[in-house]
Amino acid sequence: MKLAKEFYRLPLSFDVERLQQELSAFTEEDWRAHHESFKGNSAIALISVGGSFNNEFKGPMSPTPALLQSPYLQQVIASFGEVIGRSRLMRLAPGCEVPLHSDINYHWHNRVRIHIPIVTDDAVQFHCDDKQVHMGEGECWIFDSWKYHKVVNKSDKMRVHLVIDTMGSSRFWQMIDEASLPYGQLDDPSFKSKHLSFIPGSQPEIITEKVNFPLVMPPSEVRLLTQELGSQIQATPNNTPQASERFIKLLNDFALDWQAIWSQFGDDKAGWDAFHRLRQQTLAQAAPLENQVMVDSQTSAMKVLVHLIMGPAMSPELAQVNNAAPQGATQKTTQKTTQRASIPPSAVATKVSEAEPEPSGEAKTGSQLGAGLTRNSPCPCGSGKKYKQCHGQLN
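Owing to the predicted nature of the structure, the values given are computational and were not obtained by experimental measurement.

### Digging into helix α1 (residues 16-23)
Listed in full, the buried residues belonging to α1 are Val16, Arg18, Leu19, Glu22 and Leu23. One face of α1 carries all of its buried residues, which in axial projection span an arc of 165°. Those residues of α1 hidden inside the fold are in contact with β2 (12-14), α3 (71-79), β6 (83-92), β8 (112-119) and β13 (159-166). N-cap assignment for α1: the residue whose side-chain oxygen lies 3.1 Å from the backbone N of Glu17 is Asp15.

Below, the structure is given as structure tokens:
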């Protein structure tokens, strides 16, 4: 998410000793290597699609067995009182880095990642744009993930952070605006943080995302995102007027044509082919402009178009999830789920202490849990083709 400052320290602190105690209960086998094989990067999923270890973004989120065995981690996550998305323990080995990157996909457009260091060292530095900070153990931070960022571990320690993804309610963002320290004011002597102590026997409710991606993106959201991308293109000084105008016209035409198809089909399966053809046609027309139109010095408008708009604009795999779990159904048959008046109606509050761990045996993948398709699964449209060769294909 784009923020006004690169870093913010939140007015919250946590019991480091208890966090480290629960961390020590995990074995080396519990840690999974980064899905892009970044050296020294590994993680343990705590909240994920379907409650298993996966790298999915789409579908109902649930606590994993790792979280269910960790009462203070549950209390920490629940203490925010927010709708929680993907959350995990993230580990960075000594002498390694989280490589320089920016998070410009749909998931990060309206979400922020909360960082709570559990094990770290002064020699671990978090870089965002041209700024850098050390996040201390037990502290609480957020940062602008839309800017290019990286983490460098020059210590001899295995750095471990608890990371929590959330959109944040008005209450959360009021805390950021009124009580947090933005970069440039981190030495404010009047800053005070509220400490969360471990409460034995506490059974917190964690509110997890139920809806996070659209089956087919509504035209109003397509229009909003294409207009935002157009504004970024116009604000980038090195773009030529001719190339920028061509790209922005493609965006406007795409939004209008998407609206026309939506008016006929809505998100009904009968319209999927028309939506998909429009995506492919627009990408083909935009491809010659990939190296000519940028949104900053390192990021092409084409990259943003693919990851923020085109890919998320249609997710046929969610039709299976929606059919399997209609509105009002629980995420797991053994979980107690409730609706709270103080949170959005799409949110599901799960009392994690009552959720049963996954059955023994081979771990289920997100797609086996109805969380989504693998690339080689049959496409939900019924064509008989593999998903990657049908509605999951973006050229």
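That covers the picture; the talk isn't over yet.
### Examining the pairing of β6
Among the 10 residues that make up β6, nine are buried, leaving the element largely enclosed by the rest of the structure. Relative to β6, strand β4 (residues 41-49) runs antiparallel, the two being bridged by six bridges. Note on β6: the bridge partner recorded for Ala43 is Met90. In the sheet, β6 pairs with strand β16 (residues 205-208) via two bridges, with the strands oriented parallel. Counted as the bridge partner of Ile84 is Thr208 from β16. Sheet topology note: the β6/β13 ladder contains seven bridges and is antiparallel. Residue Ile84 lies in a different strand from β13, and its bridge partner there is Thr166.

### Considering the packing of aromatic side chains
Considering all chains together, one arrives at 10 aromatic pairs under this definition. Each ring, one from Phe7 and one from Phe126, has its centre 5.7 Å from the other, and the planes form 90°; the classification is edge-to-face. Taken as a pair, Phe7 in strand β1 (residues 7-9) and Phe126 in strand β9 (residues 124-128) lie far apart in primary sequence, 119 residues in all. Per residue, the accessibility class of Phe7 equals that of Phe126, and both read buried.

### A look at helix α8 (residues 272-286)
If you check α8, its first and last C-alpha atoms are 21 Å apart, about what 15 residues at 1.5 Å a residue would give, namely 21 Å. Of all the positions in α8, only Trp272, Ala274, Phe275, His276, Leu278, Arg279, Gln280, Thr282, Leu283 and Ala286 are classed as buried.

### Focus: the pattern of salt bridges
Summed over all chains, the structure comprises 12 salt bridges. Across the pair Arg113 and Asp165 runs a salt bridge whose closest N-O atoms are separated by 2.8 Å. Pair noted here: Arg113 is in strand β8 and Asp165 is in strand β13, with a separation of 52 residues, a long-range link. Note on accessibility: Arg113 and Asp165 belong to one class, buried. In the salt-bridge network here, residues are joined through shared partners; they are Glu6, Asp130 and Lys131.

### A closer look at the environment of Leu162
By the element assignment, Leu162 lies in strand β13. Overall, Leu162 belongs to the buried group, its relative accessible area being 0%.

### A few points about unusual backbone geometry
At Ser37, a residue that is not glycine, the phi angle is positive and equals roughly 60°. In this fold, Ser37 is placed in the loop between β3 (32-33) and β4. Overall, the relative accessible area of 61% leaves Ser37 in the exposed class.

### Description of empty space enclosed by the protein
Following the criterion strictly, the structure yields one cavity of 30 Å³ or more and no others. For the largest cavity, the calculated volume is near 50 Å³. In terms of lining, the largest cavity is formed by Thr120, Val124, Gln125, Phe126, Val133, His134, Met135, Val151, Arg159 and His161. Among the elements that take part in the lining of the largest cavity, β9 stands out by supplying three residues, more than any other. Residue composition of the lining of the largest cavity, by class: five nonpolar, four polar and one charged.

### Description of the packing of α8 against helix α9 (residues 301-310)
Put simply, α8 and α9 touch, their axes get as near as 11 Å, and they point 170° apart. Considered as vectors, α8 and α9 are oriented roughly antiparallel to each other. In this structure, α8 crosses over α9, and the sense of that crossing is right-handed. Here Arg279, Thr282, Leu283 and Ala286 of α8 lie close against α9, whose contacting residues are Met302, Leu305, Val306 and Met310. A breakdown of the residues in the contact of α8 with α9 according to their chemical character gives six nonpolar, one polar and one charged.

### Considering the confidence of the model for the protein
Overall, the predicted model of the protein reaches an average pLDDT of 87, with 85% of residues at or above 70. Counting interchain partners and residues more than four positions distant, the pLDDT-below-50 stretch residues 325-372 has 102 contacts.

### Here we look at the side chain of Gln232
Structurally, the position occupied by Gln232 is in helix α6 (residues 219-235). When its relative accessible area of 15% is taken as the criterion, Gln232 is described as buried. Once residues within four sequence positions are removed from consideration, Gln232 is found in contact with Lys2, Trp146 and Val295.

### Some words on the sheet that holds β9
What the four strands build is an open sheet, ordered β7-β12-β9-β10; its pairing is antiparallel. Pairing within the sheet leaves two strands with one partner each, and these edge strands are β7 (97-101) and β10 (131-133). Strand after strand, the sheet turns through a mean of 20° between neighbouring axes, direction not considered. In this structure, β7 lies alongside strand β12 (residues 149-153), joined through three bridges in antiparallel fashion. Bridged to His101 within β12 is His149.

About the cut-offs
Residues numbered from 1 in each chain as written. Predicted model: local features only at pLDDT ≥ 70, side-chain atom pairs only at ≥ 80, totals over all residues. Heavy atoms only, no water. Buried < 20%, exposed > 50% of the residue type's maximum accessible area, 1.4 Å probe, protein only. Helix = DSSP H or I, 4+ residues; strand = E, 2+ residues; numbered from the N terminus. Arc of directions from axis to C-beta. Contact = heavy atoms within 4.5 Å. Polar contact = N/O pair within 3.5 Å; in protein donor to acceptor, adjacent residues only side chain to side chain. Pairing = 2+ DSSP bridges. Phe/Tyr/Trp six-rings, centres within 6.5 Å; stacked < 30°, edge-to-face > 60°. Expected span 1.5 Å × (residues − 1). Salt bridge = Lys/Arg side-chain N within 4 Å of Asp/Glu carboxyl O. 1 Å grid on protein atoms, 1.4 Å probe; cavity = no way out; pocket = protein on both sides within 12 Å on 5 of 7 lines; lining within 4 Å. Points joined across faces, edges and corners; volume = space filled by probe spheres on them. Nonpolar A, V, L, I, M, F, W, Y, C, P; charged D, E, K, R; others polar. Axes fitted to C-alpha atoms, helices over the stretch in contact; angles between N-to-C directions. Parallel < 35°, antiparallel > 145°, perpendicular 65-115°, else oblique. Left-handed = near helix turned anticlockwise from the far one by under 90°. pLDDT = per-residue confidence, 0-100.

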